[in-house]
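Structure at a glance
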Amino acid sequence: MKVAILTFAVTNNYGATLQCYAMSEFLKSHGHETIILNVPLQKAGAARNKQTLLDRVLSRIKLLKTSLYGQTEGRYYRTAEEIAKDREYEAKNMKLFDEFRDKYFKELSHPYIVEQDFIDDYPDADAYIVGSDQVWNPWVTNFQYPLFFFSFVKPGRIKISYAACMGGDSNFEFTSEEERTIKELLDKFNAIGVRDKTAMSILANKFNMNSTEVLDPTFLVDINVYDHILRDSDINASGSLFNFKFIINDSWVNVIKSISNDLHLSIRMDSCLIPIKGLPFHPLCSVQDWLKLIKTSDFVFTDSFHGMVFCILFKKQFIATPSYKGGEERYMDLASKFGLEDRVFMNAKEVMKAQAWKKKIDYSKVYEKLGPLKKESQLFLLNQLCKK
């Protein structure tokens, strides 16, 4: 069967890239031909179009609450010159991601931006899978959001969501138009698999849709599938604490230094674009090197969902620190699956006060939980593809 995968395939995001790779490899290992649909995001994070006056008022109120109650973390202040340098590093990192895709995403399509692109050159397949990552979060997909609910797919094809995520906030506000459009498109799906209970709750409460919770695609494949990628990297981070945080400030730097001192580990901050006094600065990091850093380091400190995932897969000691309230639900959902709730912290003070993270994770117990969840997730996807 030919299967089209729709996710965030072309981005300089390590987790998004690797979950796409895992999904394609899993399907190919079960005899399917894959095509990865290239839909580059155009306005992620920008104000969504066609909001009603009520929608705009609700958005303003939510933004005000966030400001008043400190629900977002402060980042280091960046000068115009520093921001320009950041963008230079981001462009160089994007080239590293492009090199990865050239090698591992041979089935990547040409770009599709709007629905007319699909009409002009339809990527025909027997089945279409959307997911994982925040493919169903309109704040991320913006005006392109109907594409990620398969508005372009012709009748008669299998349509499945696998580990689709709607963000980390069950109180997310959809516009009136978004709600109508999404409900109409969801009704045409053959099966709906989501990555967390937050998405299940949103689908049930806002769209009256049932869904099944499944693991992220990165869990579907055997661990040795990642060996192909790991062999491409010469990095050895043994004896190090690898810090991978999107948001960094004095509070978190102090925590990182404190942990490294407690554990007698050096600090690696590869891919961090911000030079921090007293810490090594390695802003360029390929996908292969990022994965190898997690694999070979002694401890990982991250606010990345997929950073957590690969810590679990590689049986690493770690701390996860979601960087904003309202975004922590997907982290806690993942942690609760494996009894790792004591590895997730909401702020720097919590980490400094806690002692639980100093005790090593018993991965024999984690993998006792992972085995059945992995099998159930695999069967959910494979059984749907067998219904053709």
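Above this text is the structure in question.
An account of the accompanying structure is given in this report. Predicted model only: the values in this text are computed from it and were never measured.

**Remarks on the nonpolar core**
Ranked by size, the top nonpolar core spans 67 residues in total, and within it Tyr-162, Trp-290, Phe-318 and Leu-381 carry the most contacts. A per-element tally of this core places helix 1 (residues 14-29) first, with eight residues. Grouped together as the second largest cluster of nonpolar side chains are 38 residues, Leu-6, Val-140, Phe-148 and Val-194 included.

**With respect to the pattern of salt bridges**
This structure, assessed with the given rule, holds 18 salt bridges. Taking the shortest distance from any N to any O, the salt bridge between Lys-197 and Glu-213 comes out at 3.0 Å. With Lys-197 in helix 7 (residues 197-207) and Glu-213 in strand 7 (residues 212-213), the pair connects residues that are 16 residues apart, well separated along the chain. Since its relative accessible area comes to 48%, Lys-197 is described here as partly exposed.

**Things to note about the packing of aromatic side chains**
What describes a pair of aromatic rings is the distance from one ring centre to the other and the angle between the planes of the rings. For the structure on display, the rule yields 32 aromatic pairs. Ring geometry for Phe-100 and Phe-105: centres 5.9 Å apart, planes at 75°, overall edge-to-face. Pair check on accessibility: Phe-100 and Phe-105 agree, each one buried. Relative to Trp-357, the ring of Phe-299 has its centre 5.8 Å away and its plane inclined at 70°; by these criteria the two rings are edge-to-face. Residue Phe-299 is located in strand 10 (residues 299-302), and its partner Trp-357 is located in the loop between helix 13 (348-353) and helix 14 (363-385); the two are separated by 58 residues in the primary sequence. Directly above the ring of Phe-305 sits Arg-195, whose terminal nitrogen or CZ lies 3.9 Å from the centroid.

**Re the side chain of Gln-378**
Note that Gln-378 resides in helix 14. At 2.8 Å, the side chain of Gln-378 forms a polar contact with the backbone oxygen of Leu-220. Contact partners of Gln-378, with chain neighbours within four places excluded, come to Phe-26 and Leu-220.

**Some words on the sheet that holds strand 10**
Strand order in this open sheet of four strands is 9-8-10-11, and the pairing throughout is parallel. A strand with exactly one partner marks an edge of an open sheet, and here the two such strands are strand 9 (266-268) and strand 11 (317-320). When the angles between neighbouring strand axes are averaged without regard to direction, this sheet yields 20°. Most of the contacts of helix 9 (residues 250-263) go to strand 10, to which it runs at about 170°, and overall it touches strand 8 (240-244), strand 9, strand 10 and strand 11. Sitting on the sheet, helix 11 (residues 305-313) is in contact with strand 10 and strand 11, with an inclination near 160° to strand 11.

**Description of helix 12 (residues 329-337)**
Listed as buried for helix 12 are Arg-330, Tyr-331, Asp-333, Leu-334, Ala-335 and Lys-337. Check the buried side of helix 12 and you find it contacts helix 7, strand 7, helix 11 and helix 14. Phi turns positive, to about 70°, at Gly-339, one or two residues after helix 12.

What counts, and at which threshold
Here the residue numbers are simple positions, counted from 1 along each chain's written sequence. Confidence filtering applies because this is a predicted model: local features only for residues at pLDDT of at least 70, side-chain atom pairs given and counted only at 80 or more, and all residues used for totals across whole chains, interfaces and linings. Here the side-chain values reflect all heavy atoms present in the structure, with hydrogen atoms and water set aside. Residues belong to a common nonpolar core when they are buried Ala, Val, Leu, Ile, Met, Phe, Trp, Tyr or Cys residues joined through side-chain atoms within 4.5 Å. Buried residues are those whose accessible area, probed at 1.4 Å on protein chains only, stays under 20% of the maximum for their type, while exposed residues exceed 50% and partly exposed ones sit between those limits. The numbering of helices and of strands both runs from the N terminus, where a helix is a DSSP run of H or I of at least 4 residues and a strand a run of E of at least 2. Every case where a carboxyl oxygen of Asp or Glu lies within 4 Å of a side-chain nitrogen of Lys or Arg is listed as a salt bridge. Only rings of Phe, Tyr and Trp enter the pairing, Trp through its six-membered ring, and a pair is recorded when the two centres are within 6.5 Å. The plane angle decides the type: under 30 degrees is stacked, over 60 is edge-to-face, the rest tilted. Over a ring means this: the NZ of a Lys or the CZ of an Arg is within 6 Å of the ring centre and within 35 degrees of the ring normal. Here a polar contact is taken to be a pair of N or O atoms separated by no more than 3.5 Å, where protein atoms must pair a possible hydrogen donor with a possible acceptor and residues adjacent in sequence count only if both atoms sit in side chains. Residue contacts follow a heavy-atom distance rule, with two residues in contact if any of their heavy atoms lie within 4.5 Å. Pairing between two strands is assigned when DSSP locates at least 2 bridges connecting them. Only the stretch in contact is used when a helix axis is fitted, and all axes are lines through C-alpha atoms; the angle between N-to-C directions ranges over 0 to 180 degrees.

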